[in-house]
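# Coordinate inspection notes
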Amino acid sequence: MGQYPDGFRGPLIIHHPDDTYLDDYDGDMILTVSDWYHEQSQALVSKMIQPNNTKFEPPKPQSALVNEGSDGHIPIEAGKTYRVRVLNFSALTAAFVLFNALQMQVIMIDGTYVQKQIANQLHLVAAQRYDVLITIGENNLQNYPFLVALDTNTDFTAIHTNPPVAYRTNFTGQLVNDPKGNLKGESMAQEFTPVDDAQLIPFDQQKPFGPVTKQWVLDFDYCRDSNGYPRACFNNHTFIDQRVPTLYSVVSLGANNTQLEAYGQVGAFTIGYNETLEIIINNHDTAIHPFHLHGHQFQIISRPKSDGGMWKDTKLIPATPARRDTIAVFSNSHAVLRILADNPGVFLLHCHIEWHVEMGLTVTLIEAPERLVDYKIPQDHIDICKAQGIPTEGNAAGNDAWFDTEGFVTVNPTSYIG
């Protein structure tokens, strides 16, 4: 495990055996980014999901937090190379990160090692992670300002925005080599041109998964439920929680666990063990959205820029596609992703803007259901469900017959209790 730089109070990264491919580096630091709101989430969601929210607007953050509210002063030593892990766990916003005087070498995205790539700027949508190396100059009396700019624009790549692109929620920190020196230096950018994560090459140079067995085409847009409340939809359906958790239905329905109608309105889709699934996400919105898949790191087969249009076919397959678990899908454009279904389970695919999760922008992947028949759920899980009156067997309503839809939840609740 790495050693704390003197005075550093953030958590460290535990070195993985695969680190052996890296050049030596001298220390670790972590840079967490999040957005901050002045109200509790329950109140914010309750205001958002109201019929008068005609523009489907999420709450707006008031400020940025870096390293959980620290002053952003991180001690360093001259002549040393540091591994910096940058994490964005905002509820809404993406973030630009740059160290003006220090060039970064990207070595990892979302836990996947990549071949080293020089970068001057990073753009992290909610839930994304980057590991980079930075080397400090030999000057013993220099501090290095760095910038974290929350991306409050719908699409930073758009040149036709009105009003013009603006970045109002910024944070300037300091890599401190001289505590008595200038700690008010600024880090600025004339424009933001971050490294393109879709072009990064995984260190293991894994080839595209294939041949493709199934395609899962997901069209995202905003919608309204039957009560007129604003929702977010995949394929014109918003996610609605059911009485029985999907995993419990899968393990209790036997050979009928491939019947999608058994799961209610959770956007269920099945794929068999070791098959290759291609996931196509069409973003009909004018904003960039971060989509995240549980249980896998997907290959990025295609990710056109803004206004790239909806998917029709994939003309070019990269030889060694980038892999990560959260992808920015640009406005009025699409992404093509692939996974190898070698991890039996029930996994969510959702927008990682938390407000959009609450609006229903989630679907459910049931992977290798044939291997989940009669899987034993831990007893403490069952006990928790029983204590809350949640049934743990049967279809979405707890019915023995998979096709019996009596008791399915078909309308979103109109109040939010958290």
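Small disclaimer: the values here were computed from a predicted structure and weren't measured. (Residues numbered from 1 in each chain as written. Predicted model: local features only at pLDDT ≥ 70, side-chain atom pairs only at ≥ 80, totals over all residues. Heavy atoms only, no water.)

This paragraph deals with the overall build of the protein. The secondary structure content of the protein amounts to four helices and 22 strands. For a compact globule of 418 residues, the expected C-alpha radius of gyration is about 22 Å, and the protein comes in at 23 Å, within 12% of that figure. In terms of its C-alpha atoms, the protein occupies a principal-axis envelope of roughly 75 × 50 × 50 Å. Taken over 418 residues, the protein has a buried fraction of 52%. (Helix = DSSP H or I, 4+ residues; strand = E, 2+ residues; numbered from the N terminus. Rg over C-alpha atoms; globule rule 2.2 N^0.38 Å. Buried < 20%, exposed > 50% of the residue type's maximum accessible area, 1.4 Å probe, protein only.)

This next bit is on the state of the cysteines. Evaluation of the coordinates by the stated rule reveals one disulfide. The cysteine Cys351 is free of any disulfide, with Cys233 supplying the nearest cysteine sulfur at 13 Å. (Disulfide = S-S within 2.5 Å.)

By definition, the strands of a sheet pair up through backbone hydrogen bonds, in either a parallel or an antiparallel sense. If you trace the five strands from one edge of the open sheet to the other, you get S14-S22-S21-S16-S19, paired in mixed fashion. Across the chains shown, the open sheet's two edge strands, defined by having one partner strand only, are strand S14 (268-271) and strand S19 (326-329). Adjacent strand axes in the sheet meet at a mean angle of 20 degrees when their direction is disregarded. As paired elements, S14 and strand S22 (residues 362-367) share four bridges and run parallel to each other. (Pairing = 2+ DSSP bridges. Axes fitted to C-alpha atoms, helices over the stretch in contact; angles between N-to-C directions.)

The tendency in soluble globular proteins is for nonpolar side chains to be buried as a group. In this structure, Trp216, Ile279, Phe291, Leu349 and Trp355 are the most contacted members of the largest nonpolar core, which totals 39 residues. If we ignore the near neighbours within four places in the chain, the residues touching Leu349 are Trp216, Leu218, Phe234, Ile279, Ile281, Phe291, His292, Leu293, Leu361, Thr362 and Val363. Judged by nonpolar contacts, the second largest core, of 33 residues, contains Ala64, Val66, Phe146 and Leu150. (Core = buried A, V, L, I, M, F, W, Y, C linked by side-chain atoms within 4.5 Å. Contact = heavy atoms within 4.5 Å.)

Okay, the side chain of Thr364 next. In this structure, Thr364 sits in strand S22. You can call Thr364 buried: its relative accessible area is 2%. Once residues within four sequence positions are removed from consideration, Thr364 is found in contact with Trp216, Phe239, Thr246, Val266, Gly267, Ala268, Phe269, Val346, Phe347 and Leu348.

The next point concerns the environment of Arg324. The residue Arg324 is located in strand S18 (residues 323-324) in this model. We classify Arg324 as buried; its relative accessible area is 0%. Between the C-alpha atoms of Arg324 and Pro202, which are 122 residues apart in sequence, the distance is 9.6 Å. A distance of 2.8 Å separates the side chain of Arg324 from the side chain of Asp110, its partner in a polar contact. For Arg324, the side chain forms a polar contact with the side chain of Asp197, separated by 3.0 Å. (Polar contact = N/O pair within 3.5 Å; in protein donor to acceptor, adjacent residues only side chain to side chain.)

Further remarks concern unusual backbone geometry. Among all residues save glycine, negative phi is the norm, and among peptide bonds the norm is trans. Of note, the amide linkage connecting Gly210 to Pro211 takes the cis form, showing an omega dihedral of 0 degrees. Of note in this structure, Ala368 is not a glycine but carries a positive phi near 55 degrees. Within the secondary structure layout, Ala368 lies in the loop between S22 and helix H4 (379-387). For Ala368, a relative accessible area of 0% corresponds to the buried category.

This brings us to helix H1 (residues 41-48). Among all positions of H1, only Leu44, Val45 and Met48 are buried. Buried residues of H1, seen end-on, are gathered within an arc of 95 degrees and therefore sit on one face of the element. (Arc of directions from axis to C-beta.)

Within strand S13 (residues 230-234), five of the five residues are buried, which leaves the element mostly enclosed by the surrounding structure. Burial of the side chains of S13 extends over both faces: Pro230, Ala232 and Phe234 are buried on one face and Arg231 and Cys233 on the other. Where strand S12 (residues 212-224) folds back on S13, the antiparallel hairpin that results is connected by five residues, among which Gly228 adopts a positive phi of roughly 85 degrees.

Once that is clear, we can look at the confidence of the model for the protein. Residues at a pLDDT of 70 or more form 92% of the protein, whose mean pLDDT is 91. Predicted confidence for residues 1-15 stays below pLDDT 50, and this span has 30 contacts to residues more than four positions away or in other chains. (pLDDT = per-residue confidence, 0-100.)

For the rest of this paragraph, the subject is the sheet that holds strand S11 (residues 169-176). Spatially, the five strands line up as an open sheet ordered S3-S11-S10-S5-S8, and their pairing is mixed. This sheet does not close on itself; its edge strands, each paired only once, are strand S3 (73-75) and strand S8 (122-124). Adjacent strand axes in the sheet meet at a mean angle of 20 degrees when their direction is disregarded. By the bridge criterion, seven bridges tie strand S10 (residues 144-151) to S11 in an arrangement that is antiparallel. Bridge assignment links Leu150 to a residue of S11, and that residue is Thr169.

A few words on the side chain of Asn143. One can find Asn143 in the loop between strand S9 (129-135) and S10. Of note is the side chain of Asn143, whose polar atom sits 2.7 Å from the backbone nitrogen of Asp178. A polar contact of 3.1 Å, which involves the side chain of Asn143, links it to the backbone oxygen of Asn182. Leave out the neighbours within four places in its chain, and Asn143 touches Gln174, Leu175, Val176, Asn177, Asp178, Gly181, Asn182 and Leu183.

What follows covers the pattern of salt bridges. A full pass over the atoms with the stated rule returns 15 salt bridges. Of the charged contacts in the structure, one is a salt bridge between Arg129 and Asp325, with a shortest N-O distance of 2.9 Å. Pair noted here: Arg129 is in strand S9 and Asp325 is in the loop between S18 and S19, with a separation of 196 residues, a long-range link. Accessibility expressed as a relative area gives 17% for Arg129, which makes it buried. Judged by its relative accessible area of 9%, Asp325 falls in the buried class. Note that Arg324 and Asp197 form a salt bridge whose closest N and O atoms lie 3.0 Å from each other. Here Arg324 is found in strand S18, whereas its partner Asp197 is found in the loop between S11 and S12, with 127 residues between them in sequence. Across the pair, Asp197 and Arg324 agree in class, each one buried. Taken together, the shared-partner salt bridges in this structure form one network comprising Asp110, Arg129, Asp196, Asp197, Arg303, Lys305, Arg324 and Asp325. (Salt bridge = Lys/Arg side-chain N within 4 Å of Asp/Glu carboxyl O.)

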